[in-house]
Structures are given as C-alpha cells and as structure tokens.
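# Secondary and tertiary structure notes
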Amino acid sequence: MAASTSVVPVAVTATVVPGLSTNADFSDLREIKKQLLLIAGLTRERGLLHSSKWSAELAFSLPALPLAELQPPPPITEEDAQDMDAYTLAKAYFDVKEYDRAAHFLHGCNSKKAYFLYMYSRYLSGEKKKDDETVDSLGPLEKGQVKNEALRELRVELSKKHQARELDGFGLYLYGVVLRKLDLVKEAIDVFVEATHVLPLHWGAWLELCNLITDKEMLKFLSLPDTWMKEFFLAHIYTELQLIEEALQKYQNLIDVGFSKSSYIVSQIAVAYHNIRDIDKALSIFNELRKQDPFRIENMDTFSNLLYVRSMKSELSYLAHNLCEIDKYRVETCCVIGNYYSLRSQHEKAALYFQRALKLNPRYLGAWTLMGHEYMEMKNTSAAIQAYRHAIEVNKRDYRAWYGLGQTYEILKMPFYCLYYYRRAHQLRPNDSRMLVALGECYEKLNQLVEAKKCYWRAYAVGDVEKMALVKLAKLHEQLTESEQAAQCYIKYIQDIYSCGEIVEHLEESTAFRYLAQYYFKCKLWDEASTCAQKCCAFNDTREEGKALLRQILQLRNQGETPTTEMPAPFFLPASLSANNTPTRRVSPLNLSSVTP
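Residues numbered from 1 in each chain as written. Predicted model: local features only at pLDDT ≥ 70, side-chain atom pairs only at ≥ 80, totals over all residues. Heavy atoms only, no water.

## Focus: the overall build of the chain
Our working definition: A run of DSSP states H or I qualifies as a helix once it reaches four residues; a run of E qualifies as a strand once it reaches two. Both are numbered from the N-terminal end. To sort residues, take the accessible area from a 1.4 Å probe on protein chains only and compare it with the maximum for the residue type: under 20% means buried, over 50% means exposed, and anything in between is partly exposed. Residues are treated as being in contact if the distance between any of their heavy atoms lies within 4.5 Å. With residues, only the protein chains shown are counted as cover, and all accessible areas are computed by Shrake-Rupley using a 1.4 Å probe.
When you go through the chain residue by residue, the secondary structure sums to 31 helices and 0 strands. Here the chain holds 597 residues, and the buried ones make up 52% of them. Summarising the internal contacts of the chain: among those between residues at least 6 apart in sequence, 61% fall at separations of at least 24. Accessible surface computed for the chain: about 28,300 Å², of which carbon and sulfur atoms make up 52%.

## Topic: the state of the cysteines
The test is simple: Disulfides are defined in this document as cysteine sulfur pairs within 2.5 Å.
With the rule as written, the count across this model stands at 0 disulfides. Distance from the sulfur of C536, which forms no disulfide, to the nearest cysteine sulfur (C537) is 6.9 Å. Take C536: its relative accessible area is 2%, and that puts it in the buried class.

## Thoughts on unusual backbone geometry
One non-glycine residue, K413, lies in positive phi territory at about 55 degrees. By the element assignment, K413 lies in the loop between α22 (399–411) and α23 (415–428). Residue K413 is classed as exposed on the basis of its relative accessible area, which comes to 72%.

## Digging into α23
Put simply, the rule reads: Helix span, as expected, comes to 1.5 Å for every residue beyond the first.
Compared with an ideal rise of 1.5 Å per residue, which puts 14 residues at 20 Å, α23 spans 20 Å between its outermost C-alpha atoms and is within 8% of the ideal. Among the residues of α23, C418, L419, Y421, Y422, A425 and L428 are the ones counted as buried. Tucked into the core, α23 has its buried residues touching α21 (381–394), α22 and α24 (433–445).

## Concerning the packing of helix α27 (residues 483–499) against helix α28 (residues 509–522)
Put simply, the rule reads: As a rule, the C-alpha atoms of each element are fitted with a line to give its axis, helices using only the stretch in contact, and angles between N-to-C directions run from 0 to 180 degrees. Throughout this description, any angle smaller than 35 degrees is read as roughly parallel, any larger than 145 degrees as roughly antiparallel, any in the 65 to 115 degree range as roughly perpendicular, and the remainder as oblique. For a crossing to be left-handed, the near helix must be turned anticlockwise from the far one by less than a right angle; the clockwise case is right-handed.
Orientation of α27 relative to α28, taken along the N-to-C sense of each, is 135 degrees, at an axis distance of 9 Å. Considered as vectors, α27 and α28 are oriented oblique to each other. Considering how the two elements wind past one another, α27 and α28 form a crossing that is left-handed. For the pair α27 and α28, the contacting residues are S483, E484, A486, A487, Y490, I491, Y493, I494, I497 and Y498 in the first and E509, T511, A512, F513, Y515, L516, Y519 and Y520 in the second.

## Some details on the nonpolar core
For the record, the criterion: For the purposes of this section, nonpolar cores are sets of buried Ala, Val, Leu, Ile, Met, Phe, Trp, Tyr and Cys residues that join through side-chain atoms within 4.5 Å.
By size, the foremost hydrophobic cluster in this structure holds 188 residues, and its most contacted members are Y123, L209, W228, F232, F233 and I237. When residues no more than four places from it in sequence are discounted, the contact partners of F232 are F26, W54, L58, W203, L254, F259, Y264 and I265.

## Digging into the UniProt feature "repeat: TPR" (unreviewed entry) in the chain
Rule in force here: UniProt positions are given in the numbering used here, feature names are shortened, and annotations may be inferred rather than shown by experiment.
Within the UniProt annotation, "repeat: TPR" (unreviewed entry) is assigned to residues 331–364 and 365–398. The span residues 331–364 is 79% helical and 0% strand by assignment, and the distance between its end C-alpha atoms comes to 8 Å.

## Quick look at the environment of W402
With respect to the element layout, W402 can be found in helix α22. Spatially, the C-alpha atom of W402 lies 8.6 Å from that of R423, the residues being 21 residues apart in sequence. Beyond its immediate sequence surroundings of up to four residues, W402 is in contact with I392, K396, Y420, Y421, R424, A425 and L428.

## Description of the environment of D432
Inclusion rule: We define a polar contact as two N or O atoms separated by no more than 3.5 Å, with the added condition that, inside protein, one atom must be a possible hydrogen donor and the other a possible acceptor, whereas residues neighbouring each other in sequence contribute only through side-chain atom pairs.
For D432, the location among the structural elements is in the loop between α23 and α24. Distance from D432 to V465, taken between C-alpha atoms, is 8.4 Å for residues 33 residues apart in sequence. Of the polar contacts made by the side chain of D432, one reaches the side chain of R429; its length is 3.1 Å. Within polar-contact distance, the side chain of D432 engages the side chain of R434 at 2.6 Å.

## Let's talk about the packing of aromatic side chains
Quick reminder of the rule: Between the rings of Phe, Tyr and Trp (Trp by its six-membered ring), a pair exists once the centres lie within 6.5 Å; its type follows the angle of the planes, with under 30 degrees stacked, over 60 edge-to-face, and the other angles tilted.
Applying the stated criterion across every chain yields a total of 30 aromatic pairs. Here W203 and Y264 contribute two aromatic rings whose centre-to-centre distance is 6.1 Å and whose plane-to-plane angle is 75 degrees, an arrangement assigned as edge-to-face. With a gap of 61 residues between them, W203 in helix α10 (residues 203–212) and Y264 in helix α14 (residues 263–275) connect regions that are remote in the sequence. Both residues of the pair, W203 and Y264, belong to the buried class. One aromatic cluster is present, built from ring pairs that chain together W54, W203, W228, F232, F259 and Y264.

## Digging into the confidence of the model for the chain
Predicted coordinates in areas of low pLDDT are best not read in detail. Just so we agree on the cut-off: pLDDT gives the predictor's per-residue confidence on a scale running from 0 to 100.
Predicted confidence across the chain gives a mean pLDDT of 84, with 86% of residues reaching 70 or more. Low pLDDT (under 50) marks residues 1–19, which in the prediction has 43 contacts with non-local residues, meaning those over four places away or in another chain. Below a pLDDT of 50 lies the segment residues 574–597, which in the model reaches 56 contacts outside its immediate sequence neighbourhood of four places, other chains included.

## Brief notes about the side chain of K33
The line we're drawing: Under the counting rule used here, the positive set is Lys and Arg, the negative set is Asp and Glu, and His together with the chain ends is not counted. By salt bridge we mean one thing: a side-chain nitrogen of Lys or Arg within 4 Å of a carboxyl oxygen of Asp or Glu.
The topology assignment puts K33 in helix α2 (residues 29–45). Despite its burial, K33 pairs with no opposite charge; the closest candidate is E69, at 10 Å N-O. Of note is the side chain of K33, whose polar atom sits 3.0 Å from the backbone oxygen of L62. Apart from the residues lying within four places of it in its own chain, the contact partners of K33 are A59, F60, L62, P63, A64 and L65.

## Things to note about the packing of helix α29 (residues 526–536) against helix α30 (residues 543–558)
Axis angle and axis distance: for two packed helices, these are the angle between their axes and the distance between the axes, and together they describe the pair. So the rule is basically this: Three classes are used: nonpolar for Ala, Val, Leu, Ile, Met, Phe, Trp, Tyr, Cys and Pro, charged for Asp, Glu, Lys and Arg, and polar for all others, with Gly counted as polar.
Across the interface, α29 lies against α30 with an axial gap of 8 Å and an inter-helix angle of 155 degrees. When the axes of α29 and α30 are compared, the pair comes out roughly antiparallel. Note on packing geometry: the crossing formed by α29 with α30 is left-handed. Counted together, W526, D527, A529, S530, A533, Q534 and C536 of α29 and R543, G546, L549, L550, I553, L556 and R557 of α30 form the full contact between these two elements. Partitioning the contact of α29 with α30 into residue classes produces 8 nonpolar, 3 polar and 3 charged.

The structure is reproduced here in structure tokens:
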C-alpha cells in the first residue's frame, strides 16, 4: 500500500522547535541524547506519557551530558504566552483525568500545544466513556455496539486543519489515531507516515503505524523518513511480523552503536526469542532484565508465559506476588496471576483475572487470547470464540487467536471453518510446524490427502517441535497402501527422536516399531524385523505382538527360509538402536493450549 501523502518537510518543525531534525546514522550519540531529552519533554507537556517514557528510558541508556551541552527548553511563542494560563490549568485537570473540564478551559486557544491538548482531551474523554460503558455491560460486547461518540466531530475538525496544512507533528498523530479508530486504515497510514516526516522523534506515531502494517510487502511501499528512529521502528515491526532473524539483527546493531544499556531493547530481544520459541534464551534474558530493572512491569506477562510453558510454578508464584506488591491493578499483573492459576488448573480463577485485566484495558491483546485459552479448558467454546475474535479485532497479526479459533471449530467438528482459521495462522507463522500439522489434520478430515501429505512433510522440513508430523505422514502412506514410503517416514521418526540425545519415550514410538517390524518381516529381512520386534517388547501396547513376531521369525529361520529381494527395503535402522537404550519415561507431545498461553 503506497503512502500517497504530500509530506511536510522536516524543516517546518525544526524551525519552530530547534533540534528536532534527525540524521540517518548513529555517529553522534550526544546529539541523539539531546533530541531524546527534548522530545521527552515535548510529549510530556502534551500528555503523551508512553512516548515520553520511551524517550526518557532510551536517553537514560546513553552517557550523561555535561552542563554546557544540556539544551535549553524550546522558546515560547506569542501564542503560547497568550494561552499559558488556560494551558496550565487545563493540563492540571488533564493529569487527574478530568478530560471534559480540561477541554472546556482550552476552548478557543490558538497555540499548537494548547490546541493539541484540547483535541486530545476530547478524544480521551470519549474513549473513557466508551470503556466505562463496556466495563458496565454484563457480557462481552460485539464490535460496533459501543462507540466513541467524539470521533466523527474530531475527524471533521482535524480534517479541515489538515487540508489547511495547520497541523504539526502531534496534530497529525492525533488525526491518524482518530482515522484508525474510525477504521479508515489507508487514510490513517498516510497521515501517520506524514507525521513521522514532520516529527520523526515522536515514537507514538511510529508505533501506531506499526499496528497498521500487516505484511512485509506493505512495509516496502511506505515512504518513510531517513532517520535513526526508523531503525527502532523496523526492529519493532519485524518482531511484530514474526521476521525474528531480521529483528534480532536490527537490535544487535542498535546495541553495537551504543544502546547496550537500554532496557527497552533488552526486553524486545527477549520477546523476539519468545516468539521463535527459544525458551531458555528468552528466560535467561528476562531474568537478567529483572536484575537490572526489578520494578519493571512491561513485558512481564510474556515472561510469565515462558514460566508457564516450563511449568515453573514456584518462579511464577514469586513473579505474581512480586508484581502484586509493585502494582496489583496493572494489566500485566492480572495476566501473570491468571497464568499462575491456569498452571494450577484453576481455570475459573484464571479467567476471572484475565477479565479483570480487560476491565483495566479492554484493548489489551494478550488478555483476550489468554481468556480464550481458559474458556477452551473449561469447554466453553462459544465464550472462547468471542474472546479469540476480540483478540483479532485488537490485532489481526495475533496467530495464537487464529489458531485458537481453529482449535475451537475443530472441537465443534466444523472442518471447513477450522481450515480457514488454521490457514490464517499459518500465513502469520509460515515456519511454525504446529500450524502445518493442524492444517494437515484438517485436510485429512476433508479427505484431501495430497494436501495433507504436503503439510506434514513441510512441518517436518521446518523443524517439527512436536515430533508428530512424520508419524502422521507415515499413517497417511499406510492408509494409501504406500508401504515403502510409510516405512521411510517411521525410520526418519525413530532416527530423529534418538538423535536428539534424550532418553524419553514419545507417544507414537511403539507404533513406529510395530509397523517397521511387520514391514521388514514382509520383506523377509529377519535381522531388521527381529530388532524392531524386540523394541516392541519394551512397550505395553505392542509387547504381545512383538513376542508373537519374534516366535514367527525364529520358526521361519529354523525352516531355512532365506531373505528375498522382491520387495525393496528402505534404508535400515541406525546401528545405535539396541534393547538396552529403550526409553523409560513417557512424554506426551506439546499442544498450543499449554505451550503458548
């Protein structure tokens, strides 16, 4: 999607507020620190607290500036001076969330700063009323039932200002937010791109733009400013688009140029490793981050997901208690407590805490997805579907919600529906074997066996985390009486689970040995058949068949029966397989409901 917007040059803002023009490289970190401190102040004055916090955290990671290099505050214009009293009073009301009151006293102000706060107060007033109405409702509301009534008026007024080219970078940002809320996505993207050109240091505009980009192709067509802020944006969007290798490379580059102490970058790297399921690495980084910043709450819900996957109850309990002491009414805290109760199989309590999180912030993606998982555990499919749909409304890139919908419709025995949702999940995570295996199972149920075989083979090729793709492919070959291909799949499966070095028993291991024993027996390859039959004797469900096959082999050998070459045999079992290394502990394969909370 091309950004067909007439971009206001950076110089326009730079003349009003000196020091806001940015270079494309990181050669002068002192200048970057000055810019970050300046934008932190400007965003704080306008009530954009998250952007202010992000800039301040990034500035803190850079070396301190000497007194002589500290930048003075921007000069006050004549308009600013005229509106100073009204702005000071309104900002005090704004800070205590009396948005209507703030807007009332700012009405008629002409300065850019006061006008932005006036419009932003009206916007937040509408959002607060909408959220209050949503919270007061008994059940989850469908999209469109509760609206921010102020949006249309704001759009009309901001549109006139935009056409007259009277909006600064902050005004453009707010106009873009209003357009996004009205689902005018293309127009919103154009305005956010313009905002990044006019005020490239405002992280909020980059972040909003990030939320509207759905794929890498769309990203290519955006006409973005050539500034060092673009590197942070690209790293973030690559993480969101599951392009983790590119994201990690970007973050490593940012660390190398001087941002090694940035807690934001460290947390983003941990999230990236979480997304590619490198759980040990992600846990290690989060633990290190907690030592550096022990009162940090951001991303701690992701940390709790990792502890959940590893079933680390005591660590998750400690994290939940620790966050409760810091701030028990933060969304992330509620999600961590919900994960803790979920790990203890107290699903009703877990759902209660995820609901509490959503009362605090109805647009919090993670809580909707996690609540969907809990409803699935409670076998409440209709509520799970609603929760997953809300998650997708918040962020269409959430593969877990698409996958959850697929699982729900699978339980409801609606294969065409679950095929659609699994496809969407696969598009977002093309190299995730779980999505491919789910797709294969769907095709199998729909009797589209060729497609199913492709999915299972692709799942194996990208790295099968559940070690189930080859078994399912082998069973398909069995069904189609393709015995040689089935045997090859079972042998690959056996080689894979033994090559990983773990002495564990996988769920389908006995099935593989039973089939191979029978296959080699038909091929009259007595040694291989005997080896597999002996392995069958180690499993409860195949012990009797294994013993019976061994007796048959012994009987045929005694009769002088010789091997035949009529049936081609696949490559043989690895020499390392012997009766004394039979697995002793059963580990069931992973599934998404427990692996990705």
